[in-house]
Amino acid sequence: MKSDTLTIAGRSYPSRLIVGTGKYASLPLMKQAIEASGASLVTVAVRRVDLKKGDGESILDYLDTRAVTLLPNTAGCYTADEAVRTARLAREAGLSDLIKLEVIGDEKTLFPDNEGLLQATRILVKEGFTVLPYTNDDIVVAKRLRDAGAAAVMPLAAPIGSGLGLQNAATLRLILEEIRDIPVIVDAGVGTASDAAIVMETGADGVLMNTGIAGAKDPVAMARAMRLAVEAGRLAALAGRIPKKPYATASSPGDGTLR
Amino acid sequence: MKSDTLTIAGRSYPSRLIVGTGKYASLPLMKQAIEASGASLVTVAVRRVDLKKGDGESILDYLDTRAVTLLPNTAGCYTADEAVRTARLAREAGLSDLIKLEVIGDEKTLFPDNEGLLQATRILVKEGFTVLPYTNDDIVVAKRLRDAGAAAVMPLAAPIGSGLGLQNAATLRLILEEIRDIPVIVDAGVGTASDAAIVMETGADGVLMNTGIAGAKDPVAMARAMRLAVEAGRLAALAGRIPKKPYATASSPGDGTLR
Amino acid sequence: MKSDTLTIAGRSYPSRLIVGTGKYASLPLMKQAIEASGASLVTVAVRRVDLKKGDGESILDYLDTRAVTLLPNTAGCYTADEAVRTARLAREAGLSDLIKLEVIGDEKTLFPDNEGLLQATRILVKEGFTVLPYTNDDIVVAKRLRDAGAAAVMPLAAPIGSGLGLQNAATLRLILEEIRDIPVIVDAGVGTASDAAIVMETGADGVLMNTGIAGAKDPVAMARAMRLAVEAGRLAALAGRIPKKPYATASSPGDGTLR
Amino acid sequence: MKSDTLTIAGRSYPSRLIVGTGKYASLPLMKQAIEASGASLVTVAVRRVDLKKGDGESILDYLDTRAVTLLPNTAGCYTADEAVRTARLAREAGLSDLIKLEVIGDEKTLFPDNEGLLQATRILVKEGFTVLPYTNDDIVVAKRLRDAGAAAVMPLAAPIGSGLGLQNAATLRLILEEIRDIPVIVDAGVGTASDAAIVMETGADGVLMNTGIAGAKDPVAMARAMRLAVEAGRLAALAGRIPKKPYATASSPGDGTLR
Amino acid sequence: MRVLLNGKEHEAPAGATVLALLETIGLPPGRVAVEVGGCVIRRDDFTRVEIKEGDRVEVVQFVGGG
Amino acid sequence: MRVLLNGKEHEAPAGATVLALLETIGLPPGRVAVEVGGCVIRRDDFTRVEIKEGDRVEVVQFVGGG
Amino acid sequence: MRVLLNGKEHEAPAGATVLALLETIGLPPGRVAVEVGGCVIRRDDFTRVEIKEGDRVEVVQFVGGG
Amino acid sequence: MRVLLNGKEHEAPAGATVLALLETIGLPPGRVAVEVGGCVIRRDDFTRVEIKEGDRVEVVQFVGGG
């Protein structure tokens, strides 16, 4: 399976699992969990430096940027303008064009504002960014994001941090059938290993998660579970599962039994 | 996770995945798939020698019995008597006390005849067999099998070969809460990787499958997928997943965003 | 739909909903709820008279036995013998041969002891009872109960009082395909109206419930909801639903729109 | 329940079920089905007169406009402009301000173009229309439609005509919690009675369907089933269902049994 | 004489019939069913069947149940 | 004169009103709605509004739909 | 003599042992298990146990199964 | 001079460059990104760009996020 990599904007990443860096009890724990996850893309947020604290320890001290590629996000932005400015700052800070674009439209559900998301995508694509937009399972929006030059579309499985798992396989399938030229990466809502496997079996090109790992009692073990589940789900999708049948079919020969 | 092994009747097996050997296009393919599955327990059936064919090639030529332990079954038996006789012959042929006990009660669904299953279990336990009975998700029967000396209880996830996956998580959970002194191994009905992960996350000690792997378009790839899924599901069960929430919770800090 | 009645042992009942009389805050409330449910069969339990209380008010004062037929149960019996004795007493008290037969095998889940259930069924059928046995979704047991002369089989949807709704549609379907000469009535586990509709749409001949109605905040409203849901589910089963499709199909004409 | 009516823009409708008039084998059959459904709001499409056919029989000959209120739709419109023009024509033809607003964004899935939908809503609200927009389960869009003056929001349960039933209860619940001042009517995707009951139990104020009834083998029977299911689901929502429990709780008294 | 009535020791008049027993405990026979020594007593026999010393007697009625 | 009626070329009497046009095509005005050049014509204006050469005319009615 | 071998009539040399029978049908004893008249024969006894006229003999082996 | 630094009033030396500002608040320029008046400042320009009275300055860095 060496060759089965996730390719975004012409660049290949060995793992189809993308993990976040938020909500860990400590940075060392985060470091361990990320290593256990085997992720090659790791999201970070952009925030104002706390002037009182001044030059504290940086998350970058705990991320081996030779092993992982940073994927800055625009989490917390509620307008296209905030998201665009945040993306530009992220590029300066990270010296890379990758951006996980979030334009949030509702505080309680963190659902995307797809109108703002499309605006910001168009601007950032023009500025040469590799835009990975977080959106909901809306095929019309997915097509527009693609047409606007997004490098991938990232529909949610369920609300961010909810851990509900894939809530609507039907709409995800429709998006996967339609969006074939760029990756479809399911972003948010995955709560446990089987959720990740289901997403990959459905045909997603990758999964992005943070809370599901960071919030587990043992984040390192869950990170490893997610790594294996993503690989398992991907393999199963490629292997071609048996059809579902209402009845039983024996796995042992029907004849030659004692009588 | 080295130490997290499946222990049956005092003997430990490194893998929690048990695989069957039926329905493969060829024995070499079966051999590859079993290796890819990493299974340490492998089921075989007992059948009359075909006198016309005489001494053909044996499945044993394709099973490395230093790497895997054979688990003969009594598949195809419809009475306790047939199952008991088959188990005794299996012991002679395999020189081991392990037996996957099946007493079938319905041809179309291959549902167990629990009354016959209990009878056969009592007889075989008295004769020193290590009995692993295939049953349905019936807590009353599970308790009786345990009390009759079964070395494990093996409730189905769905009808044999149906690939429907775990149909009733509620009853499986009840059985898992009640049967704590011997392993609960989910036997039959698993169709794809996530099915196996779900079963393990629910708390099962192991999974037994045949058609789900042998019937896949690429059995070797699916075998590997199942191996990873079982490990992922087990890890997730131990890691302690996040609770499910109806609302979102941000994974990036709430303050410090640009305004 | 006048003629679409539930027929048990040659006798027809206008409603396919059977309701229990337990757990109501008061007998008048029970009376109202039963009327709202439109049930024609109503279960009652058999219990020792409390000698301290002596001749208190009787549930019979609140059941119009011209409108409803009593269906005594053997709830709380853990052996075939207890169940048989209870059934005989019920017949004396109610002067009818109908008995809802329960032989419980596990206290926490109230799962049936199918072995004892079969014994008791055989005895009571010989004594001329019309036996309606409560069982789980086990096709082998269902066939044996039918062959033993049961007037119906009553598999559970979920544990008694759990309100989980139909947990395993696959096994219920298998039973419905096999048991065609006597009614299959889903007994226990229904929590809300849609649960009852689903059971009927799956093809069940009737539904029996108690807690789902008696435990609702407004039992009378829920009784009416259940009555409508059972009728709706039955009608839908007969009407022939549309097939499920992954894609959309317009309900308005495709041509003739403005351009 | 007399008083439990569906109120849209200050006007009350006795039934919470809204039905379409498309896809019937004949207009007389449509008439029967609509009567059986008990719907008080009935959708119609606006289409060019076929000049070859000239003055054929009109659907209006089969709709008793004293019994039902017409709800013209803009089905088939792919731009805000087309939808607005269609709405204006509908008002002239029907002499009413009610409009079911559709702006479709994808032909295969008939998913809404929410950007165009919002534009059209703003225009039509300014022109005094009572706008009922068909949308997907997007809380951000739902809030904007409300803020734009829509008289209700109508998220889909599943793709139009798919009959898949409610695919994402989580997102519907979020919308129902947020949109409290105007009705939330689930539009499209309902396939059978239980689907309608589930939607109402989830808390929707109404359901709109066409194919689920018109496409059934017996549309009149299914229309009646839907009518009962909507009423059942609504009643159940108001009645307050029992909580779901993993274990059983007896419905008959625990003591006083024979021993 | 002593009988075991609904699982509890109970003092009944010697040679009492089922009906007599029911009367001593103030129960109208109309709505109860009775078992003596494991055998159900048909209502018509309440006046005939005599209870013996040590008999196990069960007197039951219908209550709410599901 | 030529008009574009429901997307098709159509020959209409010069200076015909909406009503006149409807009559030439045998449509009672009662149940249709008419748009001329992108503007809806109120029913009361059918007799007043004249159609001009090349006008885009839409004549619609209600049909079954969901 | 006639025996019922795996459910079929079979002609075996009179007084044949289990091993002899296996040889006549060309089966190496290594991987089969044998039941005679409903009783399993331990492998070590293949040379000792004689088959009698009309015996029901089952010769089985492992095959693929789940 | 007064600037609005990360949303708060801040006293900065008149004519300070971005780099100078960062030094006064003890931040090594290596890992931060800076926006002045809504425009991102490229790191190479930290020494050149001067901050003006009342400028809105944002100094950000990467933190954990999903």
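Relevant structure appears above.
Figured I'd write up the structure that's included with this text. (Residues numbered from 1 in each chain as written. Chains lettered and ligands numbered in written order. Predicted model: local features only at pLDDT ≥ 70, side-chain atom pairs only at ≥ 80, totals over all residues. Heavy atoms only, no water.)

Considering the overall build of chain A
And step 1. From N to C terminus, chain A includes eight helices and 10 strands.
And step 2. Scaling as 2.2 N^0.38, a compact globule of 259 residues should have a C-alpha radius of gyration of about 18 Å, and chain A matches this with 20 Å.
And step 3. Once the C-alpha set of chain A is aligned to its principal axes, its extents read approximately 85 × 40 × 35 Å.
And step 4. Evaluated residue by residue, chain A yields a buried proportion of 65% over its 259 residues. (Helix = DSSP H or I, 4+ residues; strand = E, 2+ residues; numbered from the N terminus. Rg over C-alpha atoms; globule rule 2.2 N^0.38 Å. Buried < 20%, exposed > 50% of the residue type's maximum accessible area, 1.4 Å probe, protein only.)

A short note on unusual backbone geometry
And step 1. Unusually for a residue other than glycine, Lys 23 of chain B sits at a positive phi of about 70°.
And step 2. Here Lys 23 of chain B lies in the loop between strand E3 (17-20) and helix H1 (27-37).
And step 3. On the basis of relative accessible area, Lys 23 of chain B is assigned to the partly exposed category, the value being 40%.
And step 4. If you check the backbone angles, Asn 6 of chain H has positive phi at about 50° while not being a glycine.
And step 5. Within the secondary structure, Asn 6 of chain H sits in the loop between strand E1 (2-5) and strand E2 (8-11).

A closer look at the nonpolar core
And step 1. Core analysis: the largest hydrophobic core is formed by 176 residues, its most contacted members being Phe 62 of chain G together with Phe 62 of chain H.
And step 2. The residues contacting Phe 62 of chain H, other than those within four sequence positions of it, are Val 44, Ala 45, Val 46, Ile 59, Leu 60, Leu 70, Pro 72, Ala 90, Ala 93 and Gly 94 of chain A.
And step 3. Listed in part, the 174 residues of the second largest apolar core include Ile 34 and Val 153 of chain C together with Ala 33 and Ala 232 of chain D. (Core = buried A, V, L, I, M, F, W, Y, C linked by side-chain atoms within 4.5 Å. Contact = heavy atoms within 4.5 Å.)

Concerning the interface of chain B and chain A
And step 1. Across the contact, 69 residues belong to chain B and 69 residues belong to chain A.
And step 2. In terms of surface lost to chain A, no three residues of chain B exceed Ile 242, Leu 258 and Arg 259 of chain B, which account for 12% of the buried area on that side.
And step 3. Inspection of the chain B/chain A interface yields two salt bridges.
And step 4. Put simply, Glu 231 of chain A and Arg 224 of chain B hold a salt bridge, and the shortest N to O gap is 2.5 Å.
And step 5. The interface formed by chain B and chain A holds 35 residue pairs in polar contact (both at pLDDT 80 or more) in total.
And step 6. Secondary structure elements with two or more residues in the side of chain B that touches chain A: strand E4 (41-48), helix H2 (80-94), helix H6 (193-202), helix H7 (211-214) and helix H8 (219-239) of chain B.
And step 7. The dominant element in the side of chain B that touches chain A, judged by the number of residues it contributes, is H8 of chain B, at 11 residues.
And step 8. Across the side of chain B that touches chain A, the residue classes tally to 31 nonpolar, 21 polar and 17 charged. (Buried area = accessible area lost by both parts, 1.4 Å probe. Salt bridge = Lys/Arg side-chain N within 4 Å of Asp/Glu carboxyl O. Polar contact = N/O pair within 3.5 Å; in protein donor to acceptor, adjacent residues only side chain to side chain. Nonpolar A, V, L, I, M, F, W, Y, C, P; charged D, E, K, R; others polar.)

With respect to helix H6 (residues 193-202) of chain A
And step 1. Counting buried positions along H6 of chain A yields nine of 10 residues, so the element is predominantly enclosed.
And step 2. As for H6 of chain A, its buried residues are in contact with helix H5 (169-178), strand E9 (185-187), strand E10 (206-209) and helix H8 (219-239) of chain A together with H6 and H8 of chain B.
And step 3. Gly 203 of chain A lies just past H6 of chain A and shows a positive phi near 120°.

Some words on the arrangement of the chains
And step 1. If you take every C-alpha in chain E and every C-alpha in chain F, the smallest gap between them is 44 Å, and the two do not touch.
And step 2. One finds no contact between chain E and chain H; the C-alpha atoms of the two approach each other to within 51 Å at their closest.

Considering the relation of the copies chain B and chain A
And step 1. Superposing chain B onto chain A takes a rotation of 180° combined with a translation of 0.0 Å along the rotation axis, leaving an RMSD of 0.0 Å. Considering both components of the superposition, the chain copies are consistent with a two-fold axis.
And step 2. An overlap of 100% is found between the interface residues of chain B and their copies at the interface of chain A, pointing to a shared contact surface. (Least-squares fit on C-alpha atoms with pLDDT ≥ 70 in both.)

A word on the interface of chain D and chain E
And step 1. Contacts between chain D and chain E engage five residues on the former and eight residues on the latter.
And step 2. Roughly 410 Å² of surface becomes buried between chain D and chain E when both sides are summed, with 50% attributable to carbon and sulfur atoms.
And step 3. The tally of links between chain D and chain E comes to zero salt bridges.
And step 4. Here chain D and chain E share one residue pair in polar contact (both at pLDDT 80 or more) between them.
And step 5. By residue class, the composition of the side of chain D that touches chain E is two nonpolar, two polar and one charged.

A word on the packing of aromatic side chains
And step 1. According to the stated counting rule, one finds zero aromatic pairs over all chains in the structure shown.
And step 2. Lying across the ring of Phe 129 of chain C, Arg 91 of chain C places its NZ or CZ 3.8 Å from the centre. (Phe/Tyr/Trp six-rings, centres within 6.5 Å; stacked < 30°, edge-to-face > 60°. Lys NZ or Arg CZ within 6 Å of the ring centre and 35° of its normal.)

A few points about the pattern of salt bridges
And step 1. With the rule as written, the count across this model stands at 102 salt bridges over all chains.
And step 2. With a shortest N-O distance of 3.8 Å, Asp 44 of chain E and Arg 42 of chain E are connected by a salt bridge.
And step 3. Members of the salt-bridge network, linked through shared partners, are Asp 4, Arg 16 and Arg 234 of chain A.

A word on helix H5 (residues 169-178) of chain D
Residues and elements named next belong to chain D.
And step 1. Listed in full, the buried residues belonging to H5 are Ala 170, Thr 171, Leu 172, Leu 174, Ile 175 and Leu 176.
And step 2. Lining the buried residues of H5 we find helix H4 (139-147), strand E8 (154-155), strand E9 (185-187) and helix H6 (193-202).
And step 3. Two or three places before Ala 170, at the start of H5, stands the capping residue Asn 168, its side-chain oxygen 3.2 Å from that residue's backbone nitrogen.

Some points on the pairing of strand E4 (residues 41-48) of chain D
And step 1. Buried residues dominate E4 of chain D, accounting for seven of its eight residues.
And step 2. As judged from the two bridges shared by strand E3 (residues 17-19) of chain D and E4 of chain D, these two strands associate in the parallel manner. Bridging from a neighbouring strand, Ile 18 of chain D pairs with Leu 41 of chain D of E4 of chain D.
And step 3. Pairing of E4 of chain D with strand E5 (residues 69-72) of chain D involves four bridges; the strand directions are parallel. Across the sheet, the residue bridging to Thr 43 of chain D is Leu 71 of chain D, located in E5 of chain D.
And step 4. Pairing between E4 of chain D and strand E5 (residues 56-64) of chain F: five bridges, direction antiparallel. Looking at the pairing, Arg 48 of chain D lines up with Val 60 of chain F of E5 of chain F. (Pairing = 2+ DSSP bridges.)

With respect to the environment of Ala 221 of chain A
And step 1. Inspection of the secondary structure puts Ala 221 of chain A in helix H8.
And step 2. Along the sequence, Ala 221 of chain A and Ser 37 of chain A sit 184 residues apart, while their C-alpha atoms lie 8.9 Å from each other.
And step 3. Those residues in contact with Ala 221 of chain A, other than ones at most four positions away along the chain, are Leu 235 and Ala 239 of chain B.

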